[in-house]
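# Structural characterization, general
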Amino acid sequence: MSTPPGDAPDPDRAGVRRRPEQLLLAFMGELMVAGGAGPLPASVLIAVLGELGVGEAATRAALSRMAARHLLAPVRVGRTVSYGLTPESVRVLGEARGRVFDDDPFAPHGSGWTLVSFSVPERRRDVRHRVRAQLAWAGFGLLRDGLWIAPGEVDVARALGGVHDDEPDGVDPDDGDLELLAFRAHEVPGFSAARSVRTAWRLEAMAARHEQFQDRWADRAPDVDHALRDVTALVADWLDLLRAVPRLPAEHLSPDWPAARSVATFRHLHAALAGPAQADLARRLTA
C-alpha cells in the first residue's frame, strides 16, 4: 500500500539543513519550468517544504522574498494566493537546468582559460555580491584580489547578464559604477597552471562535497511514494554541488576524482523520480 504524501519524514532531514529558497528554486526548475506547471497555490509549496523540515512561516517568508526579487509572481484568486514564474525566473532556471542536465557538468567547455577583473564602488555592495555569486555559479574561482579565473571558454556576457543589463551604460568604465574586463588566456609553455588551480579552488574541499552528495544519495532506493519531496531535495542538493564544484580540467585532478560517480548517482535517481513527482503534483492539485 502506498504511504500518503507527508506521512513519512525525509530520511535525512535530521542531518541536512536546506534553505527554503534553495528548495523552492529546485522545485520551480523541476516542476514549473521542465514540468510546465502553472501558478501553484502557496499551500502546495508549504506542504512540500514541510515534508523537508521547513516550517510554514519560513516558507511564506521565502516566497515573499522571491516575489520581491521578481523570481515569483503572486496571483490572488479569492482568498487563495498562488505563485507563478516570471521572465527573470524562467531565464535563471533555464540556464541552471542547462548545467544540471549537461552531458558532463564538471568538464570545461573549450580550451584555455577565461579571466575576469571587476571593480565596484563601496556604495554598490549589492552589485559586488551579485557579480561574485554569478561568477562563482559560472565556475570562476578567485585567483587573487580582483582577478577571477575559469577553465575553458565561458560566455561572460551570459554569465553576468542580469548585472550587465542593470547598468545604464553597460560596462563603460567611465560611468563610475561597475568596471568589468574579461579576456581569454592560454598557458605559456613551461609555466603550468596547476598552482593557479590550487590557489583559486580548494580541491580537497570540493572532493569532500562530492563525497557528501554520494553519502546522502548513492545508496538510497527511489521512493516513488514520496517522489515530489525527494526530487525537490535531490535537485536542490545537486544545484548546491554544482555551485560548489566548477568545471575543472581533468589533467589537474586526481585519477579517482569523484565527479563521474556523482553524475551517475544523480541521473539514476532523477530518472526514477521525475515522472512520479509530476504525477504526485497533479494529484495534490486535484485533491
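This text goes with the structure placed above it.
All of these numbers come straight from a predicted model, not from anything done at the bench.

## What about the overall build of the protein?
Summing up its helical and strand segments, the protein has 11 helices and seven strands in all. Taking all 287 residues of the protein together, the buried fraction comes to 46%. Sequence separation of 24 or more characterises 78% of the internal contacts of the protein that already satisfy a separation of 6 or more. Total accessible area on the protein stands at roughly 14700 Å², and carbon and sulfur atoms take up 53% of it.

## Focus on the nonpolar core
In globular proteins that are soluble, nonpolar side chains generally tend to be buried together. Counting residues in each nonpolar core, the largest one holds 63 residues, and the members touching the most others are Phe27, Phe106, Trp201, Leu203, Trp238, Trp257 and Leu281. Sort the elements by how many residues they give to this core and helix α10 (residues 227-244) lands first, with 11 residues. Aside from chain neighbours lying at most four places away, what touches Leu203 is Val197, Leu248, His252, Leu253 and Trp257. Listed in part, the 13 residues of the second largest apolar core include Val120, Val127, Val154 and Leu178.

## Quick notes on helix α3 (residues 56-68)
Over its 13 residues, α3 extends 18 Å from the first C-alpha to the last, a length consistent with the 18 Å expected when each residue adds 1.5 Å. Taken as a whole, α3 has its buried residues at Thr59, Ala62, Leu63, Met66 and Ala67. With its buried residues spanning 135° around the axis, α3 presents them on a single face. Turned more than 90 degrees off the buried face of α3, the exposed positions are Ala57 and Ala68.

## Points about the side chain of Gln22
Turning to its location among the elements, Gln22 is positioned in helix α1 (residues 20-34). If sequence neighbours within four positions are ignored, Gln22 has contacts with Ala236, Asp237 and Asp240.

## Looking at the sheet that holds strand β1 (residues 40-41)
Spatial ordering of the open sheet is given by β1-β3-β2, a layout of three strands whose pairing is antiparallel. Looking at which strands have only one partner, the edges of the open sheet turn out to be β1 and β2 (72-77). Sheet topology places β2 next to strand β3 (residues 80-85); six bridges connect them, and they run antiparallel. Paired with Leu72 across the bridge in β3 is Leu85.

## Some details on the packing of helix α9 (residues 203-217) against α10
At a minimum axis separation of 10 Å, α9 and α10 run at an interaxial angle of 170°. Between α9 and α10, the crossing angle belongs to the class labelled roughly antiparallel. On the side of α9, the interface is formed by Met206, Arg209, His210, Phe213, Arg216 and Trp217, while α10 contributes Asp230, Ala233, Leu234, Asp237, Trp238, Asp240, Leu241 and Ala244.

## Some details on the packing of aromatic side chains
Summed over all chains, the structure comprises four aromatic pairs. Judged by centre distance (5.9 Å) and plane angle (45°), the ring pair of Phe101 and Phe266 falls under tilted. Placement of the pair is Phe101 in the loop between α4 (87-100) and β4 (113-119) and Phe266 in helix α11 (residues 259-286), with a sequence separation of 165 residues. Classification of Phe266 as buried rests on a relative accessible area of 2%. Seen from their ring centres, Phe106 and Trp238 are 5.7 Å apart, and the 85° between their planes marks the pair as edge-to-face. Of this pair, Phe106 sits in the loop between α4 and β4 while Trp238 sits in helix α10, and the two are 132 residues apart along the sequence. Phe106 gets classed as buried once you look at its relative accessible area, which sits at 6%.

## Observations regarding the sheet that holds strand β7 (residues 179-185)
Spatially, the four strands line up as an open sheet ordered β5-β6-β4-β7, and their pairing is antiparallel. Each having just a single partner strand, β5 (141-144) and β7 make up the two edges of the open sheet. Along the sheet, successive strands turn relative to each other by an average axial angle of 30°, direction set aside. Examined bridge by bridge, β4 and strand β6 (residues 147-151) share five bridges and lie antiparallel to one another. Residue pairing across strands places Thr114 opposite Ala150, the latter belonging to β6. Contacts from helix α5 (residues 125-137) reach β4 and β6 within the one sheet, and its direction differs from that of β4 by about 170°.

Cut-offs used in this document
Just so you know, the residues in each chain are numbered from 1, in the order the chain's sequence is written. Reporting in this predicted model follows two pLDDT cut-offs: at least 70 for local features of residues, and 80 or more for side-chain atom pairs to be given and counted; totals over whole chains, interfaces and linings ignore these cut-offs and use all residues. In computing side-chain properties, one takes all heavy atoms of the structure into account and sets aside hydrogens as well as water. By the criteria applied, helices consist of DSSP H or I runs no shorter than four residues and strands consist of E runs no shorter than two, each listed in order from the N terminus. Per-residue accessibility, obtained with a 1.4 Å probe over protein chains only, is compared with the maximum for each type, and a residue is labelled buried under 20%, exposed over 50%, and partly exposed between these values. We call two residues in contact whenever any of their non-hydrogen atoms come within 4.5 Å of each other. Per-residue and other accessible areas follow the Shrake-Rupley method at a 1.4 Å probe size, with only the shown protein chains counted as cover for residues. In this description, a nonpolar core means a group of buried Ala, Val, Leu, Ile, Met, Phe, Trp, Tyr and Cys residues linked to one another through side-chain atoms lying within 4.5 Å. To estimate how far a helix should extend, the number of its residues minus one is multiplied by 1.5 Å. The directions from the helix axis to the C-beta atoms are what the arc is built from. Whether two strands pair comes down to DSSP finding at least two bridges between them. Convention adopted: a line fitted to C-alpha atoms gives each axis, helices being fitted over their contacting stretch, and angles between N-to-C directions are expressed from 0 to 180 degrees. Relative orientations are named as follows: roughly parallel for angles under 35 degrees, roughly antiparallel for angles over 145 degrees, roughly perpendicular for angles from 65 to 115 degrees, and oblique for any other angle. Planes of paired rings set the category: under 30 degrees apart is stacked, over 60 is edge-to-face and the rest tilted, where pairs are Phe, Tyr or Trp rings (Trp by its six-membered ring) whose centres lie within 6.5 Å.

Any functional reading would require information that these geometric values do not contain.
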